[in-house]
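Residue-level structure breakdown
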Amino acid sequence: VDMVDAALDYFEHNQHDNERMKHHQEEQVMKMKIDTLAHENSSLRDEIEDLKQRLQTSESNRERIEAQYEMSKQDLEREKHDEQNKINKAHKLRLKIKETEVALLQMSERYAKEKVEKETYMRALGRLHAKLPKQEDESDKLVLPMSEFSSPRRSGMA
């Protein structure tokens, strides 16, 4: 019986040691799992920080690109407005050129008409002068100043 008691004590002691060892191994496994999870957690936090930085950089780039887009859009509008102004000015200049051409043509026609009228008037004056009796005395000749012949309007021919 003593031997059975001793064997039972040994068995119980051994079972207790085995349970303690098993418990110790489970603690070690749990510690390893905790360490692994802590390492993974730390890696995930680093990844999250990296993603936050990349997001912030992307946001900053997006804002910069939007600002450049707005500036380009305004520049394009300004250029479009300037081009329209140039087109309007060119159109106005073409109209002025046409008006000037018309005015020059009218002046040219008037000049030609006045020249013909003056030549006709001068010929008529010459014929009239030829019909006058010839006088020997130079002081009795009819002398009209040239200003009378320069413009038919002044002499009443127009």
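What you are looking at is a predicted structure, and each value in this text was computed from that prediction instead of being measured.

In terms of helices and strands, the chain carries three helices and zero strands. The secondary structure elements of the chain, listed N-terminal to C-terminal, are α-α-α. Burial statistics for the chain: of 158 residues in total, 3% are counted as buried. For the chain, the exposed area adds up to about 15000 Å²; of that, 58% sits on carbon and sulfur atoms.

Judged by side-chain charge, Asp 2, Asp 5, Asp 9 and Glu 12 come together as a negatively charged surface patch. Along the chain, the position of Glu 12 falls in helix H1 (residues 2-131). What makes Glu 12 partly exposed here is its relative accessible area of 47%.

Attention now moves to the pattern of salt bridges. For the coordinates displayed, the defined rule picks out eight salt bridges. Residue Lys 52 pairs with Glu 49 through a salt bridge whose shortest N-O separation is 3.7 Å. You can see Lys 52 and its partner Glu 49 sitting in helix H1, three residues apart, about one turn around the helix. Taking the relative accessible area as the measure of exposure, Glu 49 reaches 43% and is therefore partly exposed. The residue Asp 75 makes a salt bridge to Arg 78 at a minimum N-O spacing of 2.8 Å.

Once that is clear, we can look at the confidence of the model for the chain. Considering every residue of the chain, the mean pLDDT works out to 87; 85% of them sit at 70 or more. Across the chain, the secondary-structure element scoring lowest on mean pLDDT is helix H3 (residues 152-155), at 48, and the one scoring highest is H1, at 94. Per-residue pLDDT stays below 50 along residues 154-158; that stretch engages in seven contacts with residues further than four places along the chain or on separate chains.

Cut-offs and rules
Residues numbered from 1 in each chain as written. Predicted model: local features only at pLDDT ≥ 70, side-chain atom pairs only at ≥ 80, totals over all residues. Heavy atoms only, no water. Helix = DSSP H or I, 4+ residues; strand = E, 2+ residues; numbered from the N terminus. Buried < 20%, exposed > 50% of the residue type's maximum accessible area, 1.4 Å probe, protein only. Areas by Shrake-Rupley, 256 points an atom, 1.4 Å probe, with all protein chains shown as cover. Patch = residues over 30% accessible without salt bridge, like charges linked within 9 Å, V, L, I, M, F, W, Y side chains within 5 Å. Salt bridge = Lys/Arg side-chain N within 4 Å of Asp/Glu carboxyl O. Lys, Arg positive; Asp, Glu negative; His and termini not counted. Charge placed at Lys NZ, Arg CZ, Asp CG, Glu CD. pLDDT = per-residue confidence, 0-100. Contact = heavy atoms within 4.5 Å.

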